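So the chains spell out like this:
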Amino acid sequence: MDLDQDKIDDAVLGLLYLGLHDGERAWKNFDWDVMTRLHERGYISDPRNKTKSVVFTGEGLEQAAQLFQKLFAKGE
């Protein structure tokens, strides 16, 4: 199966928003390759550390909130 990595990255970024805590931190229990790509795109801090969460950048937090709404909110 040929996977659209951009769609996967968008879904994970949106799901990271679901685990938002302490203002701009999110739990990092997702595929490491996706997390690395999100870091490389400037949305989150480097996931390769000993903490169990990552920090959103300003742009990443805004994008995550928009994707979370787009992908998971029920229509009215």
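See the structure above.
Model, not experiment: these values are computed from the prediction.

A.B. asks: How do you make sense of the overall build of the protein chain when you look at a structure like this?
C.D. replies: When its secondary structure is counted, the protein chain shows three helices and three strands. On C-alpha atoms alone, the protein chain measures out to a radius of gyration of 12 Å, which is about the 11 Å that the 2.2 N^0.38 rule sets for 76 residues. Referenced to the eigenvectors of the C-alpha coordinate spread, the extents of the protein chain come out at roughly 40 × 35 × 20 Å. The contacts of the protein chain with a sequence gap of at least 6 include a subset with a gap of at least 24, amounting to 55%.

A.B. asks: What exactly am I supposed to notice about the sheet that holds strand S3 (residues 53-55) here?
C.D. replies: The strands making up a sheet associate through hydrogen bonds between their backbones, and the pairing can be parallel or antiparallel. One open sheet holds the three strands; their spatial order is S1-S2-S3, and the pairing between them is antiparallel. The open sheet terminates on both sides in strands that have one partner only, identified here as strand S1 (20-21) and S3. Pairing between S1 and strand S2 (residues 25-27): two bridges, direction antiparallel. Its bridge partner lying in S2, Leu 20 is registered against Ala 26.

A.B. asks: How should the side chain of His 21 be read in this particular structure?
C.D. replies: Here His 21 shows up in strand S1. By relative accessible area, His 21 is classed as buried at 18%. Each residue touching His 21, except ones within four places of it in the same chain, is listed here: Ala 26, Trp 27 and Ser 53.

A.B. asks: Can you help me understand helix H3 (residues 58-72) in this one?
C.D. replies: Side chains three or four residues apart in an α-helix point the same way, a direct result of the helix having 3.6 residues per turn. Taking 1.5 Å of rise per residue, 15 residues should cover 21 Å, and H3 covers 21 Å from first to last C-alpha, within 8% of that figure. Along H3, the residues classified as buried are Gly 60, Ala 64 and Leu 67. Around the axis of H3, the buried residues are gathered within 70° of arc, so they sit on the same side. More than 90 degrees from the buried face of H3, the exposed residues found are Gly 58, Glu 62, Gln 69 and Lys 70.

A.B. asks: Help me understand helix H2 (residues 32-40), please; the structure alone is not making it clear to me.
C.D. replies: Within H2 the residues assigned to the buried category are Val 34, Met 35 and Leu 38. Buried residues of H2, seen end-on, are gathered within an arc of 100° and therefore sit on one face of the element. When the buried face of H2 is taken as reference, the exposed residues oriented beyond 90 degrees from it are Asp 33 and Glu 40. In this fold, the buried residues of H2 make contact with helix H1 (5-18) and S3. Just past H2, the residue Gly 42 takes up positive phi, approximately 85°.

Here is what the cut-offs are and how they apply
- Residues numbered from 1 in each chain as written.
- Predicted model: local features only at pLDDT ≥ 70, side-chain atom pairs only at ≥ 80, totals over all residues.
- Heavy atoms only, no water.
- Helix = DSSP H or I, 4+ residues; strand = E, 2+ residues; numbered from the N terminus.
- Rg over C-alpha atoms; globule rule 2.2 N^0.38 Å.
- Contact = heavy atoms within 4.5 Å.
- Pairing = 2+ DSSP bridges.
- Buried < 20%, exposed > 50% of the residue type's maximum accessible area, 1.4 Å probe, protein only.
- Expected span 1.5 Å × (residues − 1).
- Arc of directions from axis to C-beta.

No statement about biological role is implied by the geometric values presented.
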